Every structure is written in C-alpha cells, then in structure tokens.
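Examination of the molecular architecture
So you can see what is in the structure, the chains are spelled out below.
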Amino acid sequence: MIRSLFALLLLAASIVHAEVTPLPGSTPQQALRGDHFPNAIAVRVTYPSGLPASGVEIRYSVPPGGFGAVDVDDRTGCYPDLGTNCRITTDADGVAEIRNLYARFPGNFTLTVLAFAPGNAYLGSASIVLTTIDRPPARVLALSSGDGQKAVLGTRFAQPLVVRLVDDYGQAVASETVAFLPTSADDNHFGFLSSDPSVAYVQTDASGYAVSPPIAAGYGLGQRKVTAYAYDARTRSNVWAYAMLTTTNSAGGSDLDLQDMWWSGSAENGWGMSIVKHGNQLFNVLFVYDDQGHPTWYVQPGGEWTSRIGSDFAGPVYSPRSAPWFAYDASRFAVGKPVGFSALRFKGPDALLFETGFTFNFTTPYDVRLVSKRMVRQDFTGDAPSPLQGVGDMWWGGVEQNGWGVAIQEQFGGLFAVWFTYEDDGTPTWFVMPGGEWRDASTYAGTMYRTSSSPWVATPYDASKLKVGAVGPYVLRFQDSTHATLEYSVFGRTGTLSLTRQPF
C-alpha cells in the first residue's frame, strides 16, 4: 500500500508540466472570409516522459460576437462569457482537434490553447496563428437595356432584357449562368415566352452579355420587377440587377373599364353577371338558376385584387334573404354567411374566367359545388347614340330599402338592366330588362321579363331549357345624374321605386 501511494505521488509530480504541440498544418493558417481554415487545427499533449496525455482538457476562447478574425460556428462544448469559451478533450493519443472555427473578419488572430489535467491542474499552452483574408471585390451585373418599358396588357414587351457580367477589373465574364426571374411570374400570364415563364437561365456570351427570352405583359396593370442574378463563387454571393416593366391599358393608362354585363355566350344563354366598378373596387351580381331552374342571384359586394388591377379579383359571395318585392320591408333583410368564394380571373379587358366554390344547399352545408365559366362582355348596343349617357351603375332604394338593387349597364345606344329582389318566401329572384327605347332625353322604357332555365351548376348548362316570359312594362326616369325612378307592372302589381346610385 505504501509503495503504491509513493508511485502515485511521483506521477503527480511528473505531470505539473506537459508539452502542448500544434500538429503540422495547424499554424500558421489563412482563409478567405466566410471559409473554414483549410487544415485541421490540432494539438498533441505529451508528458515529459513522452507519453501521450489522454483525457486532458483543452480550452480556448474567441472574441465576443464575432468581432475578431475568427468565430465559432458549432458551439457544442462552448459557452458564452467574455467571448466564446470552448472545451474539448484529448484522445488516447493525446490529440485534440478544434473543428468549429472559421474565418470571420479580415485580420490576424492568435488562438491560445490551454491544457488542464483532471483536477484543473494547468499543464501548458500553445499558440495557433490564424489570418482571415478579405475576399476579392464581387463581380458586377449591370442592366444594359430593356428597363422602363411599357406594353399594353395581353401583348409582349418590345425588347428583351440585356445584362452584362464583368469582374472587379471591368473585364467581361463569359460562360457564366444568369437567371432572370419575373417577380410575379404567374400573375395572369406575366412572364417569359419560353418553356418556363417563371425563370430563364442564360449563359453570358464572350462579351459578358446575357439576353432574356421575350416577356409577356400579362393582364394586370401596373409595374412589375424582373430580377437578374449571377452567382459569384469567389465571394460566395449573388450579384443582382433589376428592371421595372409597366403594363398599361390600350391608351397607355393605368385603369380598366370592366363595368358591363358579362355572359358565357349563346351556348349558355339565359344567365349572366353584372360587374359595376367604382375606382378599383367591383360590385358583382350573378343572375343564375337554382336546382329547380328558378331564377336566383348571388352577390359579391366587394373583394380585392390579389395582385394588380385587371388580373385576379376575389372575394366572398352571399345569397341574402328578405321581404318580397311587392311589399318590401328592409327590417327582414338578412345577408347571412358567405355561401362561397369567387375569383374573377381577367384574361384582358374583354374576357375572364369565373371560378367559385358554392354551398348551394342550405340544409346540407357540405354540398359544395365547384363552378368554372369563361365569360365575355354581352353585346346590347343600339343603332343610335343615347340622348343620356353615364347612367350605368349599381342603383338601389337607399338605406331604408337596403337589400335589393337594380344593375343598369350601358352600351352605345342601349341599356341592359336587372332588378334583383325577393320572392314571396324571401328567397332571391330577379327580373330582366334586356332592352327598350329612349322616349325622350331622360326616359327609357321597355318590357320586363321573368326567366327560368337549366340549373346553373349543371355540366353542361342546357340553354335549350331557357324560358322567357314577359311580366309587364317598365319605365326608367332619370331626374338627374344621381336620382331616378323605376316604374313597373309585374304580374298585375304596379309600383314606383325611387333609385339612387349605390355607393361602395
């Protein structure tokens, strides 16, 4: 026992000092900013006897917050203090390898490596010299031509975009890939006229130039940004260039007249949609048929352009309930919850794709029907100009008559109006005034009709089932630009409705 204790004391006395030696390649080293150092940083700890010191703790620190030339990217075994302090342990050969340092900011840094025996006895240290070198200046990608172009929606821009890639000395960089990215590539056909409209990859030529494919202007109005970029492997970063392109209406302006009566053509004759536009907001009413073929309507009193005016307009759709048209009581008006969500995807100023998902059966909430219809403007022009113009709008009876309305659409020489109101049981119905004549400068008169037809959601809609019956005469009298009356005789009931333009 005494002999063993004496041996342990001799061993303890022999390890108060040890050699801490950097392995070849560990120091000095240099690396480009952002890279790891090219060689492993490792030290070997040996006792004076030359035996490897295994299980020895190696400690080192780097400055706080990455302010020095090096930093730690894997903080396993590290803890924050006045900097980042890390600890690792030598292996059976007395070697410890530091794997988590990388070049952070340009400059020199001396990493001091400290060795401690179990029990925290200091054994010795070594210095590792590390240098971070800044990367060379990035290449430059510059727009040469094509910026600031304008094109009419639905056409293409006259010029492609041309960019040039040069190095930090201004010399052309050939055979490098440049990516062109329209910011809104799927925004209603805005994008490249190529196999992939959302991105184009082009190689720079011998002079450093890259030319994009032709660019479609799409259907939404306003500015769009196209981005070009190339990867610079030396700086490990992308270099960028940008172009702004503008889509306009046919007159070069930034607004579209979408207000009109829209339908799906003679093949689906009998139903339609009134679009009224105030500023950038739309008020849309669908005049269609329920599962029994009875007239009903759905209203989309607002929504939003999901990207740009003239592209996609989307919002909730309602099927209100209220008092019958011949004894209207606004207190019975109930909008109810939305019965669907509809999108109008305009394909130019004269065509759109109407898409919606509707819950048509109120007793079966999960009876959702998907509808997709292509629509165009309905032609109801007259032979002679109208004596009064500018009456096309959404008209109503004011707050005290809230819940019903008259959609009046206007084209050269003619009006097309639909009165959307309610049946005896409070369900929606509508009467159509598809034509008439101007009796004088402020009076338009004609015949009002009631229709029935194929269920609107049927695939396909059967226009042969359309039945049109006259229900009586009507007269529209316009007192001024904001006030009018609708005189009607419907199924033997006569009346006069005061109308004003509906604000929205």
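Residues numbered from 1 in each chain as written. Predicted model: local features only at pLDDT ≥ 70, side-chain atom pairs only at ≥ 80, totals over all residues. Heavy atoms only, no water.

Scanning the protein for helices and strands turns up 1 helix and 39 strands. Taken over 504 residues, the protein has a buried fraction of 47%. Within the protein, contacts between residues separated by at least 24 positions form 57% of all contacts whose residues are at least 6 apart in sequence. For the protein, the exposed area adds up to about 23800 Å²; of that, 54% sits on carbon and sulfur atoms. (Helix = DSSP H or I, 4+ residues; strand = E, 2+ residues; numbered from the N terminus. Buried < 20%, exposed > 50% of the residue type's maximum accessible area, 1.4 Å probe, protein only. Contact = heavy atoms within 4.5 Å. Areas by Shrake-Rupley, 256 points an atom, 1.4 Å probe, with all protein chains shown as cover.)

Soluble globular proteins tend to bury their nonpolar side chains together. Core analysis: the biggest nonpolar cluster contains 70 residues, and Val406 and Trp419 have the highest contact counts within it. For valine 406, the residues in contact, after removing those within four places along its chain, are Asp393, Met394, Trp395, Ala417, Val418, Trp419, Phe420, Met433, Leu486 and Leu499. Core analysis: the next-biggest nonpolar cluster, separate from the first, contains 30 residues, Ala18, Ala69, Val72 and Ala115 among them. (Core = buried A, V, L, I, M, F, W, Y, C linked by side-chain atoms within 4.5 Å.)

Within this structure, the stated rule accounts for 19 salt bridges. Taking the shortest distance from any N to any O, the salt bridge between arginine 345 and aspartate 312 comes out at 2.8 Å. Taken together, the residues span a long stretch of sequence, with arginine 345 in strand 28 (residues 340-346) and aspartate 312 in strand 27 (residues 312-317) at a distance of 33 residues. With a relative accessible area of 14%, aspartate 312 lands in the buried category. Linking aspartate 393 and arginine 501 is a salt bridge whose minimum nitrogen-to-oxygen distance equals 3.0 Å. Within this pair, whereas aspartate 393 is found in strand 31 (residues 393-396), its partner arginine 501 is found in strand 39 (residues 493-501), the two being separated by 108 residues in sequence. Using a relative accessible area of 6% as the deciding quantity, one classes aspartate 393 as buried. Look at the salt bridges and you will find they share partners, linking Asp35, Arg135 and Arg236 into a network. (Salt bridge = Lys/Arg side-chain N within 4 Å of Asp/Glu carboxyl O.)

Below, the discussion takes up the state of the cysteines. This structure, assessed with the given rule, holds 1 disulfide. Residue cysteine 78 pairs covalently with cysteine 86 via a disulfide, S to S 2.0 Å. Judged by the sign of its S-S torsion, about 105°, the cystine formed by cysteine 78 and cysteine 86 is right-handed. (Disulfide = S-S within 2.5 Å.)

Quick look at the sheet that holds strand 14 (residues 162-166) now. Here we have 3 strands laid out as an open sheet, ordered 12-14-18, and antiparallel in their pairing. This sheet does not close on itself; its edge strands, each paired only once, are strand 12 (140-145) and strand 18 (209-211). Recorded for the sheet is a direction-independent mean angle of 30° between the axes of neighbouring strands. Pairing of strand 14 with strand 18 involves 3 bridges; the strand directions are antiparallel. (Pairing = 2+ DSSP bridges. Axes fitted to C-alpha atoms, helices over the stretch in contact; angles between N-to-C directions.)

Turning our attention to the layout of surface pockets. Considering only enclosed or pocket space, the second largest pocket measures out at about 280 Å³ in volume. Lining the second largest pocket are 18 residues, with Asn269, Gly270, Gln378, Phe416 and Val432 sitting closest to its centre. Of all the secondary-structure elements, those providing two or more residues to the lining of the second largest pocket are strand 22 (260-263), strand 24 (281-289), strand 33 (414-422), strand 34 (428-433) and strand 36 (443-452). (1 Å grid on protein atoms, 1.4 Å probe; cavity = no way out; pocket = protein on both sides within 12 Å on 5 of 7 lines; lining within 4 Å. Points joined across faces, edges and corners; volume = space filled by probe spheres on them.)

Across the sheet, 5 strands lie side by side as 13-21-20-15-17; this open sheet has mixed pairing. Strand pairing shows two members of the sheet lacking a second neighbour, strand 13 (150-152) and strand 17 (200-203), which therefore form its edges. For this sheet the average axis-to-axis angle between neighbouring strands, irrespective of direction, equals 30°. As paired elements, strand 20 (residues 222-232) and strand 21 (residues 237-248) share 11 bridges and run antiparallel to each other. If you follow lysine 225 over to strand 21, its bridge partner there is methionine 244.

A word on the pairing of strand 4 (residues 57-62). Two strands pair when backbone bridges link them, and strand 4 and strand 7 (residues 83-89) are joined in this way by 6 bridges, in the antiparallel orientation. Opposite glutamate 57, over in strand 7, you have threonine 89 as the bridge partner.

Ring pairs (aromatic) are described by centroid distance and by the angle formed between their planes. Per the stated rule, a full pass over the model turns up 27 aromatic pairs. Pairing tyrosine 229 with tryptophan 240 gives two aromatic rings, centres 5.0 Å apart and planes at 40°, and the pair type is tilted. Of this pair, tyrosine 229 sits in strand 20 while tryptophan 240 sits in strand 21, and the two are 11 residues apart along the sequence. Look at tryptophan 240 and you get partly exposed, because its relative accessible area is 41%. (Phe/Tyr/Trp six-rings, centres within 6.5 Å; stacked < 30°, edge-to-face > 60°.)

This part covers the confidence of the model for the protein. Here the protein averages 91 in pLDDT, while 93% of its residues score no lower than 70. Segment residues 1-15 is flagged for pLDDT under 50; beyond a separation of four residues in sequence, or across chains, it makes 3 contacts in the model. (pLDDT = per-residue confidence, 0-100.)

Let us look at unusual backbone geometry. Cis geometry marks the peptide bond from threonine 27 to proline 28, where omega comes out at -10°. Among the secondary structure elements, proline 28 is positioned in the loop between strand 1 (19-22) and strand 2 (29-32). Of note, asparagine 120 is a non-glycine position whose phi angle comes to about 75°, a positive value. Along the chain, the position of asparagine 120 falls in the loop between strand 10 (107-117) and strand 11 (121-133).

Within the element layout of this structure, alanine 384 appears in the loop between strand 30 (368-377) and strand 31. Classification of alanine 384 by relative accessible area gives partly exposed; the value is 45%. Between the alpha carbons of alanine 384 and phenylalanine 313 there is a distance of 34 Å; along the sequence they are 71 residues apart. Setting aside chain neighbours within four positions, we find alanine 384 in contact with Phe412 and Gly413.

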